[in-house]
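Okay, here's what each chain looks like letter by letter:
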Amino acid sequence: MTDFRFHPQSQLIQQQDSYQVTLYTAINHPYQKIFVRVEPDHEEWLIELKKPIVEGNWLKWQATIPISPHSPLTLYCFKFLLNDRQIYLHAAGESSRLPQKHYHFRINTLDKPPAWVKQQVFYQIFPERFANGDPSLTPNDQSYSYHRDGRKVLQKQWGEPVAQSHSGTGATEFYGGDLIGIEQKLDYLEQLGITALYLNPIFCSPSNHKYDCSNYFKVEPHFGGDQALISLSSKMKQRGMKLMLDAVVNHTSNQHHWMDFYQQGKGGAYHNQDSLFRDWYHFDNHGNYWSWKGVETLPKLNFANTEVQQAIYSGPQSVLKYWLKPPFSIDAWRFDVIHMLGEHNSAQHNAHYVAEFRKSIKEVNTEAYMIGEHFAEASQWLQGDQEDAAMNYYGFNQPVVAFLAKVDVPRYVPVKLNASDFANWLAEARGSIPFANQLAQYNLLDSHDTPRFTHLVQENQQLAMVAATLLLTYIGVPSIYYGDEVGLTGANDPDCRRCFPWDEQQWDQQVLQHYQALIKLRKQRKELQEGDLISLLELEDVWVFQRWLPEQNSLVVINRGEAQSISIDLSAAQYSHRYTQLHTGKQITVEQQQLILSLPAHSSMVLSSH
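Here goes a summary of the coordinates provided. Owing to the predicted nature of the structure, the values given are computational and were not obtained by experimental measurement. (Residues numbered from 1 in each chain as written. Predicted model: local features only at pLDDT ≥ 70, side-chain atom pairs only at ≥ 80, totals over all residues. Heavy atoms only, no water.)

Membership of the largest hydrophobic core comes to 121 residues, with the highest contact counts inside it found for Y123, L197, I312 and W333. Looking at this core element by element, the count peaks at eight residues for helix α11 (residues 461-473). The contact partners of I312, leaving out residues within four places of it in the chain, are Y216, V249, W258, L301, F303, S318, V319, L320 and F357. Grouped together as the second largest cluster of nonpolar side chains are 23 residues, V544, L555, L570 and L607 included. (Core = buried A, V, L, I, M, F, W, Y, C linked by side-chain atoms within 4.5 Å. Buried < 20%, exposed > 50% of the residue type's maximum accessible area, 1.4 Å probe, protein only. Helix = DSSP H or I, 4+ residues; strand = E, 2+ residues; numbered from the N terminus. Contact = heavy atoms within 4.5 Å.)

Rendered as structure tokens:
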């Protein structure tokens, strides 16, 4: 453990053309000099920190750094001189040499995520499988036109097993979930502690997953239509809840009237080379169109076409603006495969279009939240000028699965990762984006695209609860995939899209109570919403970290292994002498700067300061 700490958010004070930064070190630090290093004009400045004050068992240093005039991003790090050595402190940790700029602390002076986001607990719903509020809306064999490709609508009873692959009926079997059902279950969600919903696509589409949109300006009638969304949005606002919808604008359905593959309308691009929509897609010289990953039913939109731009984001009645306005008034957009959209048959000029999406969204609602789906490392989209956050697969889901389930995502082959490897992976993923965006990152254990976490740990209830502890205490915004809180399991999609079991006898009450307690704690404790993360102990199976603000802190203990006792040295940390343990309410006292804990196997512990 180092003997210096840095908290980049609560101690950052913006002035007209500068920032005041604060650094904390141990009182008995051995350093001769400490500098903050910046490059306001691409040339190194070293600003010495002087005259610290004592705060608790730390020294508090402050300095004013200039804002970079040539870029919205201001980058900096700290340099410590010690005899014949130097140590650099940066966003991903420490090094004996100047780190790459990729890991410098960074501030975006112009673009920050909405302040409300970090306070939320999201809940992701796959609408077709959450709750059937109006059985008369459930699709039947007359609802969609599949006859041309041999598929049929399969109507199933709630809770029946889901198809095991998309090659058969995976996309065309229906249980009847709808927006009316979601509205009817708002009491349940509010009691759980949920403050925001993310809904998988709800616009017109011939599939149950709706990632093949056939009309961007109409809510799926089998979900209840536009009126059901208006009602749901209104009821959520009355409860102070936020609503995020799924934007699938990289591609459309081939049944969309712009393409009209099955000649259900007139003027579509596929059968008419003179169609007004021909250049909305990318066709080769043989009349074949470019599609998402070669899937014929998902033709890719060509953003080089200015009319596509108008329709999707730039026009006053564009898709992105339309649903942000009354009477729908959604609060956020999640973008499907946002990194893949671009011009013609590629992701050409992708950054430009993502930034334009942001601009269009913020024109309607400056407080709207914008996230993108990325399974891989996504820092290039997360510097403030494009997305507010990503679905944090790389920076949270993948390392948590690797550490607790001991499998690699997305191939799900065995992987060996100790607590130090785990902590370093998380730190590196955090360290390449501004702290404000770290706090807005959309953290998840699983989703409609992945196996359920419970499945990956072979139904080990204790490890599932350890993962929940990480989800609700780690930096970023937690998102619970519907049913995880009651022990719902499932393999890779479509099996992870099982119906929510509304028979409470099927619920794992211990898991549910664990989620409820963690959610309540997160909403009560400011440091869990916006505090820094300090790693305190890294063993083979045990990781201990602190979520810290100057006025309060929480200690989080993760043990994936067997029962053991640990000793946590707090001599170089700012801590409280007494903590309250979540669940038990037990008072735990720090003796002589050491915290001694006995950990059960496969367990977690959260200790909150008084």
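Closest axis-to-axis distance for the helix α7 (residues 393-405)/α11 pair is 11 Å, and the angle between their directions is 150°. For α7 against α11, the interelement crossing comes out right-handed. Of the residues in α11, those touching α7 at F396, V400 and L404 are L463, V466, A467, L470 and L471. Of the residues belonging to the contact of α7 with α11, the class tally is eight nonpolar, no polar and no charged. (Axes fitted to C-alpha atoms, helices over the stretch in contact; angles between N-to-C directions. Left-handed = near helix turned anticlockwise from the far one by under 90°. Nonpolar A, V, L, I, M, F, W, Y, C, P; charged D, E, K, R; others polar.)

So, about the packing of aromatic side chains. Within this structure, the stated rule accounts for 51 aromatic pairs. Put simply, the rings of F203, F217, F303, Y313, Y322, W323, F328, W333, F335, Y353 and F357 pair up and form one aromatic cluster. One cation-aromatic arrangement involves K210 over F223; the distance from NZ or CZ to the ring centre is 5.3 Å. One Lys or Arg, R278, reaches over the ring of F283 and ends 3.7 Å from the middle of that ring. (Phe/Tyr/Trp six-rings, centres within 6.5 Å; stacked < 30°, edge-to-face > 60°. Lys NZ or Arg CZ within 6 Å of the ring centre and 35° of its normal.)

With that settled, consider the sheet that holds strand β25 (residues 542-549). Across the sheet, six strands lie side by side as β24-β25-β26-β31-β28-β29; this open sheet has antiparallel pairing. Strands at the two margins of the open sheet, each flanked by one partner only, are β24 (532-538) and β29 (587-589). Here the average twist between neighbouring strands, direction ignored, is 25°. As defined by bridge partners, strand β28 (residues 578-581) adjoins β29 across three bridges and the pair is classed as antiparallel. The residue of β29 that forms the bridge with R578 is T589. (Pairing = 2+ DSSP bridges.)

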